[in-house]
Amino acid sequence: MSDVLPFNQDSPMAPYVQQWLDVLQVARRRKAGFDEDADEAMSFYSGSHDWMWEQGNVNGWYGGSDMPQPDFRMTINKTYEAVSIFGPGLYYQNPHRQVNPRRGVEMPIELFGDVYNDPQAAMAYEQYMMELQQTGAVDDARAKLLETYLNYTPNELRLKMHMRRMIDEAIIKGMGVLWTEITTRPDGSRMVGSFWENINNLLIDGDMDTIEDAQWVARRCIHPVWEVEEEYGLPRGTVKPNYESMTQQGRIKSVFGSESERSRGRTNDLVEYWKIYSKMGMGDLMGQQARGQFHEKMRGQLDDLGRNCYLVVAKGVPYPLNIPPWVQESENFDDVFMAVQWPTPYWLDNRWPFTPLRWRDTPGQLWPTGLIKPAIGELRAINWIASALMGKIRTTSRDFIVTLKQVDKELKRAINEGGDLTHLELESAVGDNINHAIQFLQHPEMNSDIYRCLELFMGFFDKRTGLLPQLYGESGRTQDRSATESRLKQSNIDIRRDDMAEMVEECATQVARAEAICARWHLTGEDVMPVLGKHGAMMWESLISQAPIGTILSETEYRIEAGSAKKPNKDRDADNMTQAMQTLSNTLTQYAFTTGDTNPLNELVRQWGIAMDMDVSGMLIPPLQLAPPEEEGEEEPAQTGE
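Everything numeric here is computed off the predicted structure, so don't read it as measured data.

### Overview of the overall build of the protein chain
Phase 1: Along the protein chain, the regular secondary structure elements total 21 helices and eleven strands.
Phase 2: Scored against the burial criterion, the 642 residues of the protein chain give a buried share of 39%.
Phase 3: Expressed as a percentage of contacts within the protein chain between residues at least 6 apart in sequence, the contacts between residues at least 24 apart total 74%.
Phase 4: Approximately 38000 Å² of the protein chain is accessible, and the part contributed by carbon and sulfur atoms is 51%.

Next comes the structure, spelled out in C-alpha cells:
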C-alpha cells in the first residue's frame, strides 16, 4: 500500500513524490527475501540464546506445532565463529593506496622520418619528446598529490573501523557498503571519507539484475525534524515527523494517555526520508500511466534537467526537500538545475555514491547470497539437536530412589538428607537383601546416534562456510604422507580466504577511486593545506581542482598495494627472510667489499630485523673506504755496489 500524501494535488511536484514513494515500496518488497535471510543470520549472530524458539519462528521452520520443542533452548553461535575467523584476516590495517599516472604509448622514432639526417624530422621528434616529458612531469605531480591525500584521510576518519563493520556485515548478511562523501569536522575543516552504513538503509532498482544496470538507488535517512529543515533551508514546521525515537517510545510507556496520542500520530519526533540518485531523470520516464498524472505545468519541462538527477523525498511533504516551492518558481533555470544535481557526480565513472562488498552474486537476482544463507538449514538442525541433547542430559541426570513402604521413616530421612559416611541401621523386617528394599532407578544409556548426527551437521556447516578445523589451529585426523600433500592441503584451505581477501582489496581500491572523485569535486587548496602544505595546496588548485574530472578518472590509476591490508604472517616472513639471508648474504657482502656500497647488504639486514622483530640498527655497516689503486710508474733501477 502506497503512502498517501496529505497535500494539495495541484502541487506541481506532488505526483513525482508520490510516484517515488510507491516505487520505493515496491523495491522494499523485492528486497524482502534478502532482508529475511539477513535478519535470520543476524539473529543467529547477536540474538538472544533462545530466539529460534520464540513463537512464530519454530512453527514455520519445523512443519507445525506437532514438532516437539526442547525444554532446554540454546544457540550454538557458528555465525559469530565465521565473523571471528574470517574477519580479522581480511582487513588488518589500512592499506597503502598507490596512485600512478597512466602513460601513453611512446611513438617509435622511425615514424618521424630520418631524424639523423633530416633537420625538420629531428626538430619534430625533439619537440614531441619535450612535450612527452612535460606531460609526464605534470601527471607524476598530480598522482603524487592525490596519493598523499588519499593515504592521509583513512587514519584521520577511522576508515579501518568502517571497513571492519562493512566486512562483518558482508559475512553475516551477504553484502556491506561504504558511502563516500564530504564531511565537515568540528573545527570546520572539510575532508573526504568513506563511512559504513547499515545495508538495511539501501534500496536499489529492482527491475535490474545487477547494481551496474540499475537506474536508481535510494538511501534511507532518519534525523530530527529541525535538523532536516535546517539542512535544506526549510521554514520550521514544513516537515512533518513520521518516526518515533527510542526516547519518545520510552516516554510513551511511562506516561499515561500517550498511547492515545500515538494513535493520532502525535508522538513522532523524527522524520524518515529518502535520498534518491537517479539515472533516468526526475521520474517521468517510469511509464506512460504515471506520466499522464503529472501536472501540466511540469510536463515536458524536466528533460532539460538531464538523466542524472538527485531527489530527497519524505512522506507528508508534497515536493522534494531539495526543490522547495521557491526554487520551483525561480525564473532562473540554473537554480532548479543545480538543486537536482548529484552532490558528487559519480555517474561520470558509472558508479554510485557507495562501494559494495559482496562475496557471491546470485545469477538473475539483484541481491547476493550471503555466506551463512546456504548453511541456514544445517544451523537450524545443529541448534535443535544441541537443545534436545541438553534436555536429554537434564532428564537422565535425575536420580530416583525406590524403597519399600515398610522402610523406617528415619532411614528414608537419612537417605535423602544424610551426609557422607552416614551410618544406616536396618531392621530385620526389611529383609536380608538390601536390594529388595532400596534401589536406584537407572536411566537407559543415551543413544549415541544423536552425537553422530550433531557431528555430521556440524561438518556440513563447516564445509558450506569454509570453517575448517585447521582455521581453529586443529590438526587433521590423518598425518600427511608427504610435503607435497601438505602444501596441496594448505592451498585448498587458503583458497577461499584468499578469494575473499582479493575481493576486499578490490573493494578498497574502488573506495580510493571514489574518494579521489569526491576530493576533486569538493576540496580546494585551503581544505588540503593541513595535509599538503602551502605549496602543495597551490599545486592542488592548479593540477587537481582546475583539471577536468575526466583527467582524474581516465589518466590516473588507483590500486591497493597487494596484501597490505592483511595481517602479516610473522612465521612465514621470518622463514622467508632467513632463507634469503642464507642465499644473498655472501653475495651482497662480497659486493660491499668490492665496491664500498653497503646499502644492499644493510637493506637485507633491515628486512630480516623487521621479520624477526629485532632492532638491527647497531648491525648496519657504514660505507666502506676502499684503498686507492696503486699508480703504475717506472720501476726503480736495481742498486749495484760501487
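From this point, the narrative continues.
### Re the pattern of salt bridges
Phase 1: Within this structure, the stated rule accounts for 23 salt bridges.
Phase 2: Here Arg220 ties to Glu272 by a salt bridge, and the two come within 2.6 Å at their closest N and O atoms. Separated by 52 residues along the polypeptide, Arg220 in strand β5 (residues 216-224) and Glu272 in strand β6 (residues 270-278) bring together distant segments of the chain. Like Arg220, the residue Glu272 is buried in the burial classification.
Phase 3: A salt bridge links Arg236 to Glu229, with the shortest nitrogen-to-oxygen separation between them at 4.0 Å.

### Notes on the packing of aromatic side chains
Phase 1: Applying the stated rule across the entire model yields ten aromatic pairs.
Phase 2: With a centroid separation of 5.7 Å and an interplanar angle of 25 degrees, the aromatic rings of Tyr45 and Tyr80 are classed as stacked. One end of the pair, Tyr45, is in helix α2 (residues 32-46); the other, Tyr80, is in helix α4 (residues 78-90), and 35 residues separate them in sequence.
Phase 3: The partly exposed category is assigned to Tyr45, whose relative accessible area is 22%.
Phase 4: An angle of 80 degrees between the planes, with centres 5.5 Å apart, marks the rings of Tyr277 and Trp342 as edge-to-face. Separated by 65 residues along the polypeptide, Tyr277 in strand β6 and Trp342 in the loop between α13 (333-339) and β8 (354-358) bring together distant segments of the chain.
Phase 5: Take Trp342: its relative accessible area is 4%, and that puts it in the buried class.
Phase 6: An aromatic cluster of at least three residues, connected via ring pairs, comprises Trp179, Tyr277, Tyr310, Trp342, Trp352 and Phe354.
Phase 7: If you follow Lys279 out to its NZ or CZ, it ends over the ring of Trp352, 4.2 Å from the centre.

### Some remarks on the sheet that holds β5
Phase 1: Here we have four strands laid out as an open sheet, ordered β4-β5-β6-β7, and antiparallel in their pairing. For this open sheet the edge positions go to β4 (202-204) and β7 (309-314), each flanked by a neighbour on one side alone. For this sheet the average axis-to-axis angle between neighbouring strands, irrespective of direction, equals 20 degrees.
Phase 2: With three bridges joining them, β4 and β5 adopt antiparallel strand pairing. Pairing of Ile204 across the sheet is with Val217, part of β5.

### Focus: empty space enclosed by the protein
Phase 1: Per the stated rule, a full pass over the model turns up two cavities of 30 Å³ or more.
Phase 2: There is about 50 Å³ of room inside the largest cavity.
Phase 3: Lining of the largest cavity is provided by Tyr91, Asn94, Pro95, Arg97, Pro154, Leu159, Met163, Ala508, Val511 and Ile560.
Phase 4: When contributions to the lining of the largest cavity are tallied by element, the ones reaching two or more residues are α7 (159-173) and α17 (483-522).
Phase 5: Within the lining of the largest cavity, the residues separate by chemical class into eight nonpolar, one polar and one charged.
Phase 6: Quantified by volume, the second largest cavity comes out at close to 40 Å³.
Phase 7: In this structure, the second largest cavity is lined by Thr153, Pro154, Leu157, Leu159, Val192, Gly193, Ser194 and Glu515.

### A closer look at the packing of α4 against α7
Phase 1: Running from N to C, α4 and α7 cross one another at 140 degrees; their axes reach a closest spacing of 9 Å. In this view, α4 runs oblique relative to α7, as classed from their interaxial angle. Crossing handedness for the pair α4 and α7: right-handed. Between α4 and α7, the contacting residues are Thr79, Ala82, Val83, Phe86, Gly87, Pro88 and Leu90 on the first element and Arg164, Ile167, Asp168, Ile171 and Ile172 on the second.
Phase 2: The class makeup of the residues in the contact of α4 with α7 is eight nonpolar, two polar and two charged.

### Here we look at the side chain of Thr153
Phase 1: As for its placement among the helices and strands, Thr153 is situated in helix α6 (residues 153-156).
Phase 2: Thr153 has contacts with Arg97, Met191, Val192 and Glu515, leaving out every residue within four places of it along the chain.

### Focus on the confidence of the model for the protein chain
Phase 1: The predicted model of the protein chain has a mean per-residue pLDDT of 80, with 80% of residues at 70 or higher.
Phase 2: Put simply, helix α11 (residues 288-291) is where the protein chain has its lowest mean pLDDT, 44, and β4 is where it has its highest, 96.
Phase 3: Taken as a whole, residues 1-9 scores under 50 in pLDDT and shows 25 contacts with residues more than four places along the chain or in a different chain.
Phase 4: Segment residues 251-267: pLDDT under 50, and 16 contacts once partners within four positions in sequence are set aside and those in other chains are kept.

### Remarks on the environment of Val402
Phase 1: Relative to the helices and strands, Val402 is located in strand β9 (residues 400-403).
Phase 2: Look at Val402 and you get partly exposed, because its relative accessible area is 40%.
Phase 3: Residues Val402 and Phe440 lie 38 residues apart in sequence; the distance between their C-alpha atoms is 6.2 Å.

### Focus on the sheet that holds strand β3 (residues 190-197)
Phase 1: If you trace the three strands from one edge of the open sheet to the other, you get β3-β2-β8, paired in antiparallel fashion. Edge strands, defined here as strands with exactly one partner in the open sheet, are β3 and β8. The mean inter-strand angle of the sheet, taken between neighbouring strand axes irrespective of direction, is 25 degrees.
Phase 2: Here α7 sits on the sheet and contacts β2 (175-184), β3 and β8; the angle it forms with β2, its principal contact strand, is near 155 degrees.

### With respect to unusual backbone geometry
Phase 1: The phi angle at Arg158 is positive, at roughly 60 degrees, despite the residue not being glycine.
Phase 2: Taking relative accessible area as the criterion, Arg158 reaches 52% and is therefore assigned exposed.
Phase 3: One non-glycine residue, Asn350, lies in the positive phi region at around 55 degrees.

### Topic: the side chain of Thr344
Phase 1: For Thr344, the position within the fold is in the loop between α13 and β8.
Phase 2: Among the residues examined, Thr344 registers a relative accessible area of 6% and is labelled buried.
Phase 3: Within the local environment of Thr344, its side chain forms a polar contact with the side chain of His522, the two groups lying 2.7 Å apart.
Phase 4: Dropping the residues within four chain positions of it, Thr344 is found in contact with Ile517, Cys518, Trp521 and His522.

### A short note on the nonpolar core
Phase 1: Counting 80 residues, the largest nonpolar core has Leu202, Leu321 and Trp540 as the members making the most contacts within it.
Phase 2: Excluding its chain neighbours within four sequence positions, the residues that come into contact with Leu321 are Val228, Tyr232, Leu234, Val239, Tyr273, Val312 and Ala314.
Phase 3: By size, the runner-up hydrophobic cluster in this structure holds 42 residues, among which are Phe44, Ile385, Ile493 and Ala501.

### Section: a nonpolar patch on the surface
Phase 1: Judged by side-chain polarity, Phe72, Met390, Ile393 and Tyr451 come together as a nonpolar surface patch covering roughly 330 Å² of accessible area.
Phase 2: Here Met390 shows up in helix α14 (residues 376-396).

The rules behind these values
- Residues numbered from 1 in each chain as written.
- Predicted model: local features only at pLDDT ≥ 70, side-chain atom pairs only at ≥ 80, totals over all residues.
- Heavy atoms only, no water.
- Helix = DSSP H or I, 4+ residues; strand = E, 2+ residues; numbered from the N terminus.
- Buried < 20%, exposed > 50% of the residue type's maximum accessible area, 1.4 Å probe, protein only.
- Contact = heavy atoms within 4.5 Å.
- Areas by Shrake-Rupley, 256 points an atom, 1.4 Å probe, with all protein chains shown as cover.
- Salt bridge = Lys/Arg side-chain N within 4 Å of Asp/Glu carboxyl O.
- Phe/Tyr/Trp six-rings, centres within 6.5 Å; stacked < 30°, edge-to-face > 60°.
- Lys NZ or Arg CZ within 6 Å of the ring centre and 35° of its normal.
- Pairing = 2+ DSSP bridges.
- Axes fitted to C-alpha atoms, helices over the stretch in contact; angles between N-to-C directions.
- 1 Å grid on protein atoms, 1.4 Å probe; cavity = no way out; pocket = protein on both sides within 12 Å on 5 of 7 lines; lining within 4 Å.
- Points joined across faces, edges and corners; volume = space filled by probe spheres on them.
- Nonpolar A, V, L, I, M, F, W, Y, C, P; charged D, E, K, R; others polar.
- Parallel < 35°, antiparallel > 145°, perpendicular 65-115°, else oblique.
- Left-handed = near helix turned anticlockwise from the far one by under 90°.
- pLDDT = per-residue confidence, 0-100.
- Polar contact = N/O pair within 3.5 Å; in protein donor to acceptor, adjacent residues only side chain to side chain.
- Core = buried A, V, L, I, M, F, W, Y, C linked by side-chain atoms within 4.5 Å.
- Patch = residues over 30% accessible without salt bridge, like charges linked within 9 Å, V, L, I, M, F, W, Y side chains within 5 Å.

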